[in-house]
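The chain contents come next:
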Amino acid sequence: MLRVEQTMGRALLEKSSFVPSSGGGMLCSHYRRRKLCVSPAIGNDRTRVSLRKASITTPMVALSEKLVKPVTEKPVRFKVGAVVTVRKKIKEDIKETLVKHLDALTDKIGRNVVLQLVSTEIDPRTNKPKKSKAAALRGWLENANIRAERVGYTAEFVVDSSFGEPGAILVTNKHQKEFFLESVVVEGFACGPVHFTCNSWVQSSKDLPGKRVFFTNKPFLPSETPAGLKELREKELKDLRGDGSETRKRSDRIYDYDYYNDLGNPDKGIEFTRPTLGGKDIPYPRRCRTGRPPTATDNTAESRVEKPHPLYVPRDEAFEESKQTTFSMGRLKAVLHNLIPSLMASISAENHNFKCFSDIDCLYKEGLLLKLGFHEKKLPLPKLVTRIQESSESLLRYDTPKIVSRDKYAWLRDDEFARQTLAGINPVSIQRLQSFPPVSSLDPAIYGPPESAITEEHIKPQLEGMTVQEALEEKKLYILDHHDAYLPFIDRINAQDGRKAYATRAVFLLTAQGTLKPIAIELSLPPHATPAKGVSRVLTPPTDATTFWTWKMAKAHVSANDAGVHQLVNHWLRTHACVEPFILAAHRRLSAMHPVFKLLDPHMRYTLEINALARQSLINGGGVIEHCFTPGQYCMEMSAEAYQKNWRFDMEGLPADLIRRGMAVPDPSQPHGLKLLIEDYPYASDGLLIWSALRNWVGTYVHLYYPDARSVQIDGELQSWYRESIEIGHADKSDAPWWPPMSEPDHLVSVLTTLIWLASAQHAALNFGQYPYGGYVPNRPPLMRRLIPDQNDPEYLNFLRDPQR
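As recorded in an unreviewed UniProt entry, the protein goes by Lipoxygenase and comes from Aristolochia fimbriata.

### Let's talk about the sheet that holds strand β16 (residues 536–539)
Backbone-to-backbone hydrogen bonds join strands into a sheet, with any given pair of strands oriented parallel or antiparallel. On the basis of which strands lie adjacent, the open sheet formed by five strands has the order β12-β13-β14-β15-β16 and antiparallel pairing. At either margin of the open sheet sits one strand with a lone partner, and together these are β12 (431–432) and β16. Relative to strand β14 (residues 503–510), strand β13 (residues 477–481) runs antiparallel, the two being bridged by five bridges. When the sheet's bridge partners are listed, Leu477 is paired in β14 with Leu509. Relative to strand β15 (residues 516–524), helix α13 (residues 414–423) is tilted by about 85 degrees, and along the sheet it contacts β13, β14 and β15. The strands touched by helix α19 (residues 545–577) are β13, β14, β15 and β16; relative to β15, the strand with the most contacts, the crossing angle is about 80 degrees.

### So, the side chain of Asp123
Tracing the sequence through the fold places Asp123 in strand β2 (residues 113–123). Note on Asp123: relative accessible area 13%, which makes it buried. Of note is the side chain of Asp123, whose polar atom sits 3.0 Å from the backbone nitrogen of Arg125.

### Points about the nonpolar core
Core analysis: the largest hydrophobic core is formed by 115 residues, its most contacted members being Tyr284, Leu658 and Trp721. Not counting chain neighbours up to four residues away, the residues in contact with Tyr284 comprise Tyr260, Leu277, Gly278, Trp572, Leu573, Ala577, Met636, Ser639, Ala640, Tyr643 and Asp732. Counting 31 residues, the second largest nonpolar core, distinct from the first, contains Leu137, Val151, Phe163 and Phe189.

### Concerning the side chain of Gln420
By secondary structure assignment, the location of Gln420 is in helix α13. For Gln420, a relative accessible area of 9% corresponds to the buried category. Of note is the side chain of Gln420, whose polar atom sits 2.9 Å from the side chain of Glu416. Not counting residues within four places of it along the chain, the set of residues in contact with Gln420 comprises Ile403, Ile425, Tyr773 and Asn779.

### With respect to the packing of aromatic side chains
Counted by the stated rule, this structure contains 29 aromatic pairs. Ring geometry for Trp647 against Trp738: centres 5.9 Å apart, planes inclined by 80 degrees, an arrangement best described as edge-to-face. Within this pair, whereas Trp647 is found in the loop between α24 (635–646) and α25 (654–660), its partner Trp738 is found in the loop between α28 (716–729) and α29 (745–767), the two being separated by 91 residues in sequence. No difference in accessibility class separates Trp647 from Trp738, as the two residues are buried. Ring geometry for Tyr796 against Phe799: centres 5.9 Å apart, planes inclined by 45 degrees, an arrangement best described as tilted. With Tyr796 and Phe799 both in helix α31 (residues 796–801), this residue pair falls three residues apart, about one helical turn. Residues Tyr796 and Phe799 agree in their burial class; the two are buried. Among the aromatic side chains, those forming a connected cluster through ring pairs are Tyr260, Tyr284, Trp572, Phe582, Tyr643, Trp647, Phe649, Trp721, Tyr722, Trp738 and Trp739. The lysine or arginine in question, Lys268, covers the ring of Phe272, its NZ or CZ lying 4.3 Å from the ring centre. Across the ring face of Trp201, the terminal group of Arg315 is positioned such that the distance to the ring centre comes to 4.3 Å.

### Focus: the packing of α19 against α24
Between α19 and α24, the least distance of the axes is 9 Å, while the angle of their chain directions is 70 degrees. If you check the angle between α19 and α24, you find them roughly perpendicular. Residues Leu568, Val569, Trp572 and Leu573 of α19 form the contact with α24, whose own contacting residues are Cys635, Met636, Ser639, Ala642 and Tyr643.

### Some points on helix α6 (residues 230–241)
Taking 1.5 Å per residue as the helical rise, α6 with its 12 residues ought to reach 16 Å, and the 17 Å between its terminal C-alpha atoms agrees with that figure. When α6 is considered as a whole, its buried residues turn out to be Leu232, Arg233, Glu236, Leu237, Leu240 and Arg241. The positive-phi residue at the C-terminal boundary of α6 is Gly242, with phi of around 65 degrees.

### Examining the sheet that holds strand β8 (residues 194–202)
Pairing is antiparallel in the open sheet, where four strands are placed in the order β5-β1-β7-β8. Edge positions in the sheet fall to β5 (150–160) and β8, since each has one partner strand and no second. On average, each strand axis in the sheet is inclined to that of its neighbour by 20 degrees, with strand direction left out of account. Sheet topology places strand β1 (residues 77–87) next to strand β7 (residues 179–187); seven bridges connect them, and they run antiparallel. Among the inter-strand pairings, Ala82 is bridged to a residue of β7, identified as Val186.

### Re the packing of helix α20 (residues 580–589) against helix α22 (residues 607–617)
Contact geometry of α20 with α22 gives a least axis separation of 10 Å together with a crossing angle of 130 degrees. It follows from the interaxial angle that α20 and α22 lie oblique. When the axes of α20 and α22 are compared, the crossing they make is left-handed. For the pair formed by α20 and α22, the contact residues are Glu580, Ile583 and Leu584 on the first element and Thr607, Leu608 and Asn611 on the second.

### Re unusual backbone geometry
The linkage connecting Lys307 with the following residue, Pro308, adopts the cis geometry, with an omega of 5 degrees. With respect to the helices and strands, the residue Pro308 is situated in the loop between β11 (287–288) and α7 (321–347). Note that the residue after Phe436, namely Pro437, is joined by a cis bond; omega there is 0 degrees. One non-glycine residue, Glu246, adopts positive backbone phi at about 70 degrees. Examined against the element boundaries, Glu246 turns out to sit in the loop between α6 and β10 (257–258).

### Comments concerning helix α5 (residues 94–106)
Counted at 1.5 Å a residue, the expected span for α5 with its 13 residues is 18 Å, and the 18 Å between its end C-alpha atoms agrees. Taken together, the buried positions of α5 are occupied by Lys100, Asp103, Ala104 and Thr106.

Calculation criteria
- Residues numbered from 1 in each chain as written.
- Predicted model: local features only at pLDDT ≥ 70, side-chain atom pairs only at ≥ 80, totals over all residues.
- Heavy atoms only, no water.
- Pairing = 2+ DSSP bridges.
- Helix = DSSP H or I, 4+ residues; strand = E, 2+ residues; numbered from the N terminus.
- Contact = heavy atoms within 4.5 Å.
- Axes fitted to C-alpha atoms, helices over the stretch in contact; angles between N-to-C directions.
- Buried < 20%, exposed > 50% of the residue type's maximum accessible area, 1.4 Å probe, protein only.
- Polar contact = N/O pair within 3.5 Å; in protein donor to acceptor, adjacent residues only side chain to side chain.
- Core = buried A, V, L, I, M, F, W, Y, C linked by side-chain atoms within 4.5 Å.
- Phe/Tyr/Trp six-rings, centres within 6.5 Å; stacked < 30°, edge-to-face > 60°.
- Lys NZ or Arg CZ within 6 Å of the ring centre and 35° of its normal.
- Parallel < 35°, antiparallel > 145°, perpendicular 65-115°, else oblique.
- Expected span 1.5 Å × (residues − 1).
- Left-handed = near helix turned anticlockwise from the far one by under 90°.

Below, the structure written as structure tokens:
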């Protein structure tokens with residue numbers, strides 16, 4: 001940069017007709033007034049001395065306009081360099097390798113990657129942003145065979161002295177193959193190094209004509225956008241929104257909305273037909289649009305893309321290679337764990353049902369291969385499975401879940417059953433019982449009397465000397481209530497083969513020791529259930545061997561219902577489906593330069609890809625969730641019912657949720673403004689620490705950019721993002737009065753904290769405990785196949801003879 005300044009300074013001096021070779025006072029005085037006086041460090045020693053002298057002895061002389069014109073700066077061209085970091089694929093197939101070498105060769109003849117800098121300033125002659133000369137990326141051929149994860153390339157731009165500060169960089173990929181651009185650093189400007197964090201796939205111009213734009217890391221609110229970047233900012237957002245037409249291609253970067261109309265596959269048969277979720281009939285959030293054509297048999301259902309073909313998500317939302325490898329290995333392990341028993345069941349005449357709990361324990365101790373005797377049976381396994389079998393038998397041996405790693409019988413105990421409602425896989429459904437008996441909100445004309453069948457006589461012996469009213473007043477009674485979530489679906493669930501469910505309630509007492517214990521379980525069927533089964537059945541803690549096992553099975557039904565609510569509502573709906581519209585709107589309405597986008601971006605990454613994979617193989621008709629959870633084909637309808645009746649964005653933040661469930665009360669004297677009614681509630685006590693840290697961080701960040709209400713209100717991008725998230729992404733609830741406003745900095749802080757909480761800490765609490773608690777199926781069975789036998793059932797005698805089986 002110093003050489004550039006010297007060249008520019010000397011050129012200006014030498015070209016002036018008013019300056020003698022030894023230097024001149026008038027010119028220096030004139031340049032000082034314009035803050036362009038040449039530095040004493042510029043030029044040779046004689047010039048330096050002459051200028052210093054002139055600045056001391058020569059009086060200031062005013063020049064006329066005519067005299068000034070001839071010394072007006074003439075822009076001087078100079079060069080700046082860039083280091084470009086590209087992330088390479090480690091594993092390539094033959095086609096990718098051939099294309100890579102072809103690109104390397106054609107790079108030499110001009111089919112290369114071209115970059116161009118864009119200034120933050122407007123050129124007054126053209127009224128367009130100033131741009132550098134285009135520069136080709138150097139070293140593509142030389143680095144073609146490097147086996148590193150990241151490879152650095154260089155480029156050299158020519159700009160002139162009036163260019164200003166770079167604000168964007170345009171990239172054109174003339175190769176055949178896309179590449180992942182990680183970052184660009186430009187050096188040589190007076191402002192210092194200019195950083196561009198890209199982290200994006202740059203498509204070949206044959207797939208996506210035009211230039212990709214990347215903005216510097218410096219954030220700008222819309223009203224503060226430099227003049228040279230305004231047009232680019234608006235064009236980039238318009239391109240990301242698309243026009244709502246055509247089938248999306250893998251290379252596209254278009255974010256748009258659609259209904260959940262791709263869960264079923266009516267072309268495979270009527271049993272795979274599923275209703276469309278979203279709209280007036282079945283309200284639901286919107287998902288990312290793919291634009292695929294309808295199925296052949298149903299114009300309202302979108303045709304499906306089955307594995308191994310990928311489902312469209314905007315290109316930059318797809319997993320990176322390292323994450324894809326980890327995800328694929330986990331999926332392979334899960335597939336094999338399910339495949340091997342299925343193979344055995346289909347080819348063997350023996351009955352491989354579990355006979356006792358020790359059979360289940362063998363899955364963790366001996367592994368599937370050893371237990372099922374694959375070596376002896378010489379099964380014709382696929383080569384991949386055989387290789388894995390020979391190299392790593394542990395791949396087909398289940399990891400021991402934490403719930404049984406220290407105490408294999410812990411799951412049988414009531415105290416552990418209760419503890420998991422507070423610290424298990426689903427710690428967000430437990431709530432305080434505020435009136436007795438519990439009351440349903442379902443239509444009594446259809447579902448019978450709303451009052452629970454649990455009476456004071458059922459629970460009074462367990463209340464440690466209190467009456468029910470005293471226990472309520474002292475905030476000692478809590479409930480896990482899935483009655484209303486399940487009862488409308490019970491008939492349809494139980495009509496499926498091998499699936500049986502009750503609508504359950506479980507009541508708990510907060511003991512003097514500060515822990516919960518279950519004191520009653522209610523199992524309900526619809527009013528028209530057969531008399532032999534009864535409508536509601538209340539069980540209390542056991543007093544003999546028979547009631548011991550019926551109590552265990554009642555807890556299993558409660559756990560199965562809780563597993564369904566956890567997966568379909570608290571996990572999928574609240575932290576995946578309901579967040580997706582905010583992500584789509586953010587990409588459509590918030591520029592990558594926007595400070596709110598920069599704050600949200602790390603928390604939005606991969607969610608669209610995970611949700612697409614879920615639609616493809618988890619929540620789809622006949623998918624993993626339907627196969628493994630009791631509601632079966634009605635799983636997603638139950639999720640939609642919960643969205644319609646219970647989901648509220650203003651209740652998704654942790655403090656609001658705890659207060660709504662009666663697990664905490666406002667208390668300004670407490671560190672987080674809340675007092676927990678159960679002190680030993682790890683999800684809440686740890687969660688409040690995280691929530692407070694998030695809110696403090698977000699608050700500090702937001703107030704940097706939004707000092708007052710007006711700054712929030714005039715931000716068009718911000719307002720468009722929030723409005724579109726509600727009016728389009730959550731269109732079926734857009735008229736609800738509880739949506740938080742967006743007119744003050746604190747409103748923005750609250751909304752952003754909630755979104756980050758849902759995508760990070762809340763999701764972690766509901767996701768990462770799945771195998772530690774659910775990996776041992778008796779602890780948390782997701783699928784129940786039978787109702788509990790009573791004395792009128794033919795199988796009751798079998799139950800008495802061998803309750804464990």
